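Working through the structure, step by step
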Amino acid sequence: MAKAKTETSFWGNFLVPGLFKPNQGRVVRQVTAGTVAIVMVTAAWRLRATLLIEKTAAISIGVPLLISAAGLWFAYRLINWPTFANFLISVEAELDKVSWADWAYLKRATVVVLIVMFAMGAYLYVADIFWQQLFGAIGFLDLDTVE
């Protein structure tokens, strides 16, 4: 399938500041850009906290700021790359078609899941104690080493 005239490679589109279909898929695109930006800024902060902590102030602050700025620009360009933007627009269109559960059903289902999880935890705890005692009684398990 041939590419549309507006679609280019990501790196060919990297320095172009324009928006691609700015009013479509806004929520998904904003969440995606925010997530990518948070990952990039966190990576720059962790780089400073681990590898650059003993460097000069210019390096330990400047490098993470440059990485953060590049990461923010990357996030901005990623959501405006026509191929990826069209995908995100399609995702939001499909999410609009989903019939979401109402709050009453969601609360009931959450209670059921929590009750089942606590019941399974209690059952596994009792089964563990039972098998420890049984194996200790027949000499298969040394109960003094079990903590």
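Heads up: the structure comes first, above all this text.
Residues numbered from 1 in each chain as written. Predicted model: local features only at pLDDT ≥ 70, side-chain atom pairs only at ≥ 80, totals over all residues. Heavy atoms only, no water.

The calculated volume of the largest pocket comes to roughly 160 Å³. As for the largest pocket, its lining consists of Leu 19, Pro 22, Gln 24, Gly 25, Arg 26, Arg 29, Gln 30, Tyr 76, Ile 79 and Asn 80. At the level of elements, α1 (26-50) and α2 (57-79) are the ones that each hand at least two residues to the lining of the largest pocket. Take the lining of the largest pocket: its biggest share by element is three residues, from α1. For the lining of the largest pocket, the per-class residue count stands at four nonpolar, four polar and two charged. (1 Å grid on protein atoms, 1.4 Å probe; cavity = no way out; pocket = protein on both sides within 12 Å on 5 of 7 lines; lining within 4 Å. Points joined across faces, edges and corners; volume = space filled by probe spheres on them. Helix = DSSP H or I, 4+ residues; strand = E, 2+ residues; numbered from the N terminus. Nonpolar A, V, L, I, M, F, W, Y, C, P; charged D, E, K, R; others polar.)

The subject of this paragraph is α2. Its 23 residues place the ends of α2 33 Å apart at the C-alpha level, agreeing with the 33 Å of an ideal helix rising 1.5 Å per residue. Taken as a whole, α2 has its buried residues at Ser 60, Pro 64, Ser 68, Gly 71, Ala 75, Arg 77, Leu 78 and Ile 79. Where the residues of α2 are buried, they touch α1 and α3 (82-97). (Expected span 1.5 Å × (residues − 1). Buried < 20%, exposed > 50% of the residue type's maximum accessible area, 1.4 Å probe, protein only. Contact = heavy atoms within 4.5 Å.)

Once that is clear, we can look at the packing of aromatic side chains. Geometry of an aromatic ring pair is reported as the spacing of the ring centres plus the angle between the planes. Evaluation of the coordinates by the stated rule reveals five aromatic pairs. When the ring of Trp 73 is compared with that of Tyr 76, the centres are 5.3 Å apart and the planes differ by 40°; the resulting orientation is tilted. Of this pair, Trp 73 and Tyr 76 both sit in helix α2, three residues apart, roughly one helical turn. Judged by relative accessible area, Tyr 76 falls into the partly exposed class, the value being 27%. Each residue in the set Phe 130, Trp 131, Phe 135 and Phe 140 is aromatic and connected to the rest through ring pairs, giving one cluster. The aromatic ring of Trp 45 is capped on one face by Arg 46, whose charged end is 5.3 Å from the ring centroid. (Phe/Tyr/Trp six-rings, centres within 6.5 Å; stacked < 30°, edge-to-face > 60°. Lys NZ or Arg CZ within 6 Å of the ring centre and 35° of its normal.)

Spatial relationships are all this shows, so hold off on functional conclusions.
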